[in-house]
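Commentary on secondary and tertiary structure
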Amino acid sequence: MLSIDQVKNLHLFSTLRHATLQQIAEVSVVREYKKDAVILFEKDEADGVYFVLDGKVKVYRTAVSGREQVLMVLQAGQDFNLVPAFLENCHNPANVQAIDKVNLLVIPIQHFKRLVQNNSDLALALLENFSEKLIHLTQKITSISLFPVRGRLAKFLIEQADLSASRSYHVRWTQAEIASQIGSVRDVVGRTLREFEKQGLIHINRQHIRLVNRALLELEANLE
Amino acid sequence: MDLVLPEIDRAVCNLCGNCLAICPEDSLYVESDQIVFKQPVTCTYCALCEEACPQDAIRCEFEITW
């Protein structure tokens, strides 16, 4: 059985009472997935709610054309597939794939529903969690609908360069992966990166995009 | 240090030739039913081959930093 501390480390459960944590630990199982393994397929019947214990996963949807839109990248402490637990049809709303080797805590849907019915602290934590997600998705829709690709790409580059400065490991992106993050397509990202380089905003040198003009990039991203 | 080149997934490549056609340095050619780098040193890692590949068989990865 999982320890109370392991359960409490998960964002959704961090403020819960000891008795609620104990009940969660009793009905949870741990599943391990290899890098690139597909964890959930969109529209399959949902079997549980999931929490990332370690590693990273991406949540995405795919159009008939094969175009992929990444909705979120989740890491240790975060959760996915909570929504189907409270819907009649109980289908997975999106695909989920392991970015690297991951360990997940899984709670079968019927158990999770019962936990929410019996523990008001969990119900309140869940409302807060859903509210945060609603705000995140509203911001994403606003970004895609109101800002041009140049602005979305500039914002993404700034975010990634800032993250890169704060972590000890390397993360590399292909143009296709960048495109799926910002709601665009590969060739448009490639063309826009070349425009940025010509305009002196970035410098591209083999496997390395170096941002050289923060002020102009922030202007593009509408962050000033 | 080894020269970093675009990664080609030869199991996925269908030899359509789009990457050969678009490469501004003429770095790629077909040998024994495989796309290979004729003169690796001429590749500038511009990633146009990745953009042109309809099979998503070519990967050019970039780290983003200040």
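Residues numbered from 1 in each chain as written. Chains lettered and ligands numbered in written order. Predicted model: local features only at pLDDT ≥ 70, side-chain atom pairs only at ≥ 80, totals over all residues. Heavy atoms only, no water.

1. Section: the overall build of chain A
The criterion, for reference: We count a stretch as a helix when DSSP gives it H or I for four or more residues in a row; a strand needs E for two or more, and each element gets its number in order from the N terminus. Any two residues whose heavy atoms approach within 4.5 Å at even a single point are treated as in contact. Accessible surface area values rest on a Shrake-Rupley calculation with a 1.4 Å probe, where residue burial reflects the displayed protein chains alone.
The secondary structure content of chain A amounts to 8 helices and 11 strands. Of the contacts formed within chain A by residues at least 6 apart in sequence, a portion of 69% connects residues at least 24 apart. Total accessible area computed for chain A in this model is approximately 11,900 Å², and 54% of it derives from carbon and sulfur atoms.

2. Considerations on the interface of chain A and chain B
Test applied: Once two parts are joined, some of their accessible surface, as seen by a 1.4 Å probe, is lost; buried area is that loss totalled over both. A pairing counts as a salt bridge when a side-chain nitrogen of Lys or Arg comes within 4 Å of a carboxyl oxygen of Asp or Glu. Any pair of nitrogen or oxygen atoms within 3.5 Å is treated as a polar contact; in protein, a donor-acceptor pairing is required on top of that, and neighbouring residues in sequence qualify only through side-chain atoms on both sides. Gly counts as polar in this scheme, as do all residues outside two lists: the nonpolar Ala, Val, Leu, Ile, Met, Phe, Trp, Tyr, Cys and Pro, and the charged Asp, Glu, Lys and Arg.
On the side of chain B, 21 residues touch chain A, which itself brings 29 residues to the contact. Roughly 2,400 Å² is buried in total at the junction of chain A and chain B, and carbon and sulfur atoms are behind 50% of that figure. Contact with chain B buries surface across chain A, with R186, R206 and Q207 of chain A losing the most and accounting together for 33% of the total. Counting across the chain A and chain B interface gives 3 salt bridges. The residue R194 of chain A makes a salt bridge to E51 of chain B at a minimum N-O spacing of 2.8 Å. Put simply, chain A and chain B have 15 residue pairs in polar contact (both at pLDDT 80 or more) between them. Where the side of chain A that touches chain B is concerned, the elements lending two or more residues are α5 (149-166), β9 (172-173), α6 (175-182), α7 (186-198) and β11 (208-211) of chain A. Residue contributions to the side of chain A that touches chain B peak at 7 residues, all from α5 of chain A. Residues belonging to the side of chain A that touches chain B are distributed by class as follows: 11 nonpolar, 8 polar and 10 charged.

3. A few points about the packing of aromatic side chains
Two numbers describe a pair of aromatic rings. These are the distance of the centres and the angle of the planes. Residues and elements named next belong to chain A. Put simply, the rule reads: Classification of ring pairs uses Phe, Tyr and Trp, with its six-membered ring standing for Trp, and accepts pairs whose centres are within 6.5 Å; under 30 degrees between planes counts as stacked, over 60 as edge-to-face, and the remaining range as tilted. Classification of residues uses two cut-offs on accessible area relative to the type maximum, computed with a 1.4 Å probe and protein chains only: under 20% is buried, over 50% is exposed, and between them is partly exposed.
Tallied over the entire structure, the rule returns 6 aromatic pairs over all chains. Arranged with centres 6.2 Å apart and planes meeting at 80 degrees, the rings of F86 and F130 form a pair that is edge-to-face. Within this pair, whereas F86 is found in the loop between β6 (79-80) and β7 (95-98), its partner F130 is found in helix α4 (residues 120-146), the two being separated by 44 residues in sequence. A residue is classified by how much of its surface remains accessible, and F86, at 36% relative accessible area, is partly exposed. Judged by centre distance (5.1 Å) and plane angle (85 degrees), the rings of F156 and W173 are edge-to-face. Of this pair, F156 sits in helix α5 while W173 sits in strand β9, and the two are 17 residues apart along the sequence. Of the two residues, F156 and W173, neither departs from the other in class, the shared state being buried.

4. Description of the pattern of salt bridges
Residue and element names in this part refer to chain A. Scanning the model with the defined rule gives 15 salt bridges over all chains in all. Between K155 and E159 there is a salt bridge, with the nearest N and O atoms lying 3.0 Å from each other. With K155 and E159 both in helix α5 and 4 residues apart, this pair spans about one turn of that helix. Judged by its relative accessible area of 37%, E159 is partly exposed. Across the pair R214 and E218 runs a salt bridge whose closest N-O atoms are separated by 2.8 Å.

5. A few points about the nonpolar core
Put simply, the test is: Residue types Ala, Val, Leu, Ile, Met, Phe, Trp, Tyr and Cys, when buried and joined through side-chain atoms within 4.5 Å, form a set referred to as a nonpolar core.
Grouped together as the largest cluster of nonpolar side chains are 36 residues, with contacts concentrated most on L157, I202 and L211 of chain A together with I64 of chain B. Elements supplying a minimum of two residues to this core: α5, α6, α7 and β11 of chain A together with β3 (34-37) and β5 (62-65) of chain B. Ranked by residues supplied to this core, first place goes to α5 of chain A with 6 residues. Among residues more than four places away in sequence, those in contact with L211 of chain A are L157, I158, A161, L201, I202 and L217 of chain A together with I64, T65 and W66 of chain B. Membership of the second largest hydrophobic core comes to 25 residues, among which are L2, L21, C90 and L122 of chain A.

6. Things to note about the pairing of strand β2 (residues 28-31) of chain B
Residues and elements named next belong to chain B. The condition is simple: When DSSP finds two or more bridges between a pair of strands, those strands are recorded as paired.
The pairing of β2 with β3 spans 4 bridges and is antiparallel. Opposite Y29, over in β3, you have V36 as the bridge partner. Following β2, the chain reverses through 2 residues before pairing antiparallel with β3; S32 in that reversal takes a positive phi of roughly 50 degrees.

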